[in-house]
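Structural features, examined
Residues per chain, in single letters:
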Amino acid sequence: KQEVTQIPAALSVPEGENLVLNCSFTDSAIYNLQWFRQDPGKGLTSLLLIQSSQREQTSGRLNASLDKSSGRSTLYIAASQPGDSATYLCAPNFNFGNEKLTFGTGTRLTIIP
Amino acid sequence: KAGVTQTPRYLIKTRGQQVTLSCSPISGHRSVSWYQQTPGQGLQFLFEYFSETQRNKGNFPGRFSGRQFSNSRSEMNVSTLELGDSALYLCASSLGLGDGGELFFGEGSRLTVL
């Protein structure tokens, strides 16, 4: 069974700190991996998409890395801000030929002003 | 460019009733996927439609069904509602090329079953 784990489940850090969120998956045969954020009661906002051939992807203060062989991805957030407070979800696509994502349980991030 | 639009945003039903949720994808996107989100199970894949055909299906009972129209809009239906069907139902759209493109989600339809 393809499983996705995100540790820690919750994280609180002071504003301005750099932080890393972790994602691990049991099947290294992924085709891509997407990171999302979700604000309470809202839908998912796509942050970054990493293709299986890529090692990392950057957007602004966010940097996501992918290590297929070890089944890991990390999301690095630089200079955190209170507006970064949300739940962050990683979702690999294990299925070439369709768009099914398998989601982790998420990390709830709180940035303390 | 308009995003993914889901209607209705909120609805309350009673056990035994049925419900239909609608999703309009981003213009030009041909794939629509549906997910159920609950506090206990997290985000679970329901099904994916591409060019009016179901391309993949998750592990849900037959009470959950969907369809896609020629304009790529999609609907999902849940019949004989149970209390456990209370959830946020999220729709996602993508180009649907099958090569792992980016998915974009709507705001969801929050269903409460009493």
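For the rest of this paragraph, the subject is the overall build of chain A. Summing up its helical and strand segments, chain A has zero helices and 10 strands in all. Along chain A, helices and strands appear, N-terminal first, in the series β-β-β-β-β-β-β-β-β-β. Against the 2.2 N^0.38 benchmark of 13 Å for 113 residues, chain A shows a C-alpha radius of gyration of 13 Å, consistent with a compact globule. In terms of principal-axis extent, the alpha carbons of chain A reach across some 45 × 30 × 20 Å. Looking at the 113 residues of chain A, the share that counts as buried comes to 46%.

Let us now look at the interface of chain B and chain A. Each partner contributes residues to the interface: chain B has 25 residues there, and chain A has 20 residues. Summing both sides of the interface, chain B and chain A together bury roughly 1800 Å²; the carbon and sulfur share of this comes to 50%. Interface area lost by chain B to chain A is led by Leu43(B), Gly100(B) and Phe105(B), which between them contribute 26%. If you look at where chain B meets chain A, you find one salt bridge. Salt-bridge contacts for Glu99(A) lead to Arg55(B); the nearest nitrogen and oxygen are separated by 3.9 Å. For the pair chain B and chain A, the number of links is eight residue pairs in polar contact (both at pLDDT 80 or more).

On to the sheet that holds strand β5 (residues 44-51) of chain A, then. All names here are of chain A. In spatial order, the strands read β2-β10-β9-β4-β5; together these five strands make up an open sheet with mixed pairing. Strands at the two margins of the open sheet, each flanked by one partner only, are β2 (10-14) and β5. Going from strand to strand, the sheet's axes swing by 25° on average, the running direction of each strand aside. As defined by bridge partners, strand β4 (residues 32-38) adjoins β5 across seven bridges and the pair is classed as antiparallel. Counted as the bridge partner of Trp-35 is Leu-48 from β5.

Basis of the calculations
Residues numbered from 1 in each chain as written. Chains lettered and ligands numbered in written order. Predicted model: local features only at pLDDT ≥ 70, side-chain atom pairs only at ≥ 80, totals over all residues. Heavy atoms only, no water. Helix = DSSP H or I, 4+ residues; strand = E, 2+ residues; numbered from the N terminus. Rg over C-alpha atoms; globule rule 2.2 N^0.38 Å. Buried < 20%, exposed > 50% of the residue type's maximum accessible area, 1.4 Å probe, protein only. Contact = heavy atoms within 4.5 Å. Buried area = accessible area lost by both parts, 1.4 Å probe. Salt bridge = Lys/Arg side-chain N within 4 Å of Asp/Glu carboxyl O. Polar contact = N/O pair within 3.5 Å; in protein donor to acceptor, adjacent residues only side chain to side chain. Pairing = 2+ DSSP bridges. Axes fitted to C-alpha atoms, helices over the stretch in contact; angles between N-to-C directions.

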